[in-house]
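Chain residues, written in single-letter form:
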Amino acid sequence: MAVSPVKATSGPLPTGDGWVYEIKWDGMRVLADVAPDGVRAWSTTGREVAVSFPELAALAPALAPLDALLDGEVVALDDAGRPSFERLQHRMHVTSAVDAARRAAEVPVAYVVFDLLRLGGHDLIDRPWHERRRLLEQIGEDLPAGVDVARVYEDGEDLLAAVDAQGLEGVVAKRRDTPYVPGARSRQ
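Residues numbered from 1 in each chain as written. Predicted model: local features only at pLDDT ≥ 70, side-chain atom pairs only at ≥ 80, totals over all residues. Heavy atoms only, no water.

## As for the overall build of the protein
Logical step 1: Within the protein, the regular secondary structure consists of five helices and ten strands.
Logical step 2: Here the C-alpha radius of gyration of the protein, 16 Å, is about what a compact globule of 188 residues would show, namely 16 Å.
Logical step 3: Dimensions of the protein along its principal axes, counting C-alpha atoms only, are 50 × 40 × 30 Å.
Logical step 4: Across the 188 residues of the protein, 44% fall into the buried class.
Logical step 5: For the protein, long-range pairs separated by at least 24 residues make up 72% of all intrachain contacts whose partners lie at least 6 apart in sequence.
Logical step 6: With an accessible surface of roughly 9600 Å², the protein has 50% of that area assigned to carbon and sulfur atoms.
Logical step 7: In the protein, 21 positive and 30 negative side-chain charges are present, and the distance between their average locations comes to 4 Å. (Helix = DSSP H or I, 4+ residues; strand = E, 2+ residues; numbered from the N terminus. Rg over C-alpha atoms; globule rule 2.2 N^0.38 Å. Buried < 20%, exposed > 50% of the residue type's maximum accessible area, 1.4 Å probe, protein only. Contact = heavy atoms within 4.5 Å. Areas by Shrake-Rupley, 256 points an atom, 1.4 Å probe, with all protein chains shown as cover. Lys, Arg positive; Asp, Glu negative; His and termini not counted. Charge placed at Lys NZ, Arg CZ, Asp CG, Glu CD.)

Written as structure tokens, this is what we have:
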């Protein structure tokens, strides 16, 4: 694993200038390395998970020439369209490609991307979030079906109310000007 994902901290929702907000998805955090030699993916513990989620291979045709490292969440949706960690568990620890393909047909997953850590062989982790986000949105138009760029909201309190009403996991607040801090817990 080349990069350990930055981790959020829990606490009161920060507000004010410089903050943006995303839905906290109830899934499995996955870093996807899409390079000319293929797609590698790993969990926060460093375990390779590309076999468990063959859907991630669809990233290769669109992004391999761009040499990208994505940070996101693999989610399985329930019948009401809400993330279901229970459904995702049927996919998480599969090590057989044949079994993974069968399970993918039964319980499809989506990959919600919320950060871009490398593009064109250039490391982006020291760049502020707003620059990484701009680049992510530019490549987002080329992402395959089942891969989505996480939506960003300006009003965290309204988003939190909507998330609570829907019974979703929560909200992640991000400072626009902060770099990506691999492996650290960050209040930013």
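Back to the write-up after that little detour.
## So, the pairing of strand β4 (residues 38–43)
Logical step 1: Pairing geometry for strand β3 (residues 28–35) and β4, over six bridges, is antiparallel. The residue of β4 that forms the bridge with Val34 is Val39.
Logical step 2: Once β3 ends, the chain turns through two residues before running back antiparallel as β4. (Pairing = 2+ DSSP bridges.)

## Describing the packing of helix α2 (residues 85–92) against helix α3 (residues 97–106)
Logical step 1: Relative orientation of the contacting elements α2 and α3 amounts to 160°, with a least axis distance of 9 Å. Looking at the two axes, α2 sits roughly antiparallel to α3. The way α2 lies across α3 gives a crossing that is left-handed. Contacts between α2 and α3 involve Arg87, His90 and Arg91 on the former and, on the latter, Ala100, Arg103, Ala104 and Glu106. (Axes fitted to C-alpha atoms, helices over the stretch in contact; angles between N-to-C directions. Parallel < 35°, antiparallel > 145°, perpendicular 65-115°, else oblique. Left-handed = near helix turned anticlockwise from the far one by under 90°.)

## Section: α2
Logical step 1: Within α2 the residues assigned to the buried category are Leu88, Arg91 and Met92. Down the axis of α2, the buried set is contained in an arc of 100°. They therefore lie on one face.
Logical step 2: Residues of α2 that are buried in the fold lie against β3, β5 (68–75) and α3. (Arc of directions from axis to C-beta.)

## Here we look at the environment of Val171
Logical step 1: By secondary structure assignment, the location of Val171 is in strand β9 (residues 170–175).
Logical step 2: Measuring from C-alpha to C-alpha, the distance between Val171 and Lys24 comes to 4.8 Å, with 147 residues separating the pair along the chain.
Logical step 3: Not counting chain neighbours up to four residues away, the residues in contact with Val171 comprise Leu13, Tyr21, Glu22, Lys24, Leu159, Leu160 and Val163.

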